[in-house]
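Given next are the chains, with one letter for each unit.
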Amino acid sequence: MKIKEIKELSTKEIEERIDAEKMSLDQKKINHSISPLDNPSQIKEQRKTIARLLTELHQRKQNNN
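What comes next concerns the included structure. (Residues numbered from 1 in each chain as written. Predicted model: local features only at pLDDT ≥ 70, side-chain atom pairs only at ≥ 80, totals over all residues. Heavy atoms only, no water.)

1. Observations concerning the overall build of the protein chain
- Scanning the protein chain from terminus to terminus reveals three helices and zero strands.
- For the protein chain, the α and β elements follow one another from N to C terminus as α-α-α.
- Taken along the three principal axes of its C-alpha coordinates, the protein chain extends 45 × 20 × 15 Å.
- Counting all 65 residues of the protein chain, 20% fall into the buried class.
- Taking all contacts inside the protein chain whose residues are at least 6 apart in sequence as the whole, residues at least 24 apart take part in 67%.
- Working note: accessible area of the protein chain is about 5000 Å², and carbon and sulfur atoms make up 49% of it.
- Across the protein chain, the mean location of the 14 positive side-chain charges is 6 Å away from that of the 11 negative side-chain charges. (Helix = DSSP H or I, 4+ residues; strand = E, 2+ residues; numbered from the N terminus. Buried < 20%, exposed > 50% of the residue type's maximum accessible area, 1.4 Å probe, protein only. Contact = heavy atoms within 4.5 Å. Areas by Shrake-Rupley, 256 points an atom, 1.4 Å probe, with all protein chains shown as cover. Lys, Arg positive; Asp, Glu negative; His and termini not counted. Charge placed at Lys NZ, Arg CZ, Asp CG, Glu CD.)

Rendered as structure tokens:
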């Protein structure tokens with residue numbers, strides 16, 4: 001997910017997306033430990049997406065204060 005796409009989301013949508021991405025990441029990690037993923041870099045990319053979402057969320061909270 002690109003930063004431009006993240007900035008278009010509402011704060012509530014970002015929070016929901018973070019929860020969904022974290023659950024998906026946990027599931028990918030479990031699946032990867034059982035049988036290797038075809039593309040293990042997906043895990044790394046998903047962690048980066050979560051970080052981008054969290055960064056945008058923190059910036060919005062800072063600006064509102």
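Okay, back to it.
2. Details of helix H2 (residues 11-34)
- Between its terminal C-alpha atoms H2 stretches 35 Å, which fits the 34 Å expected from 24 residues at 1.5 Å a residue.
- Every buried residue of H2 is listed here: Ile14, Ile18, Glu21 and Leu25.
- Looking at the packing, one finds that the buried side of H2 touches helix H1 (3-8) and helix H3 (41-64). (Expected span 1.5 Å × (residues − 1).)

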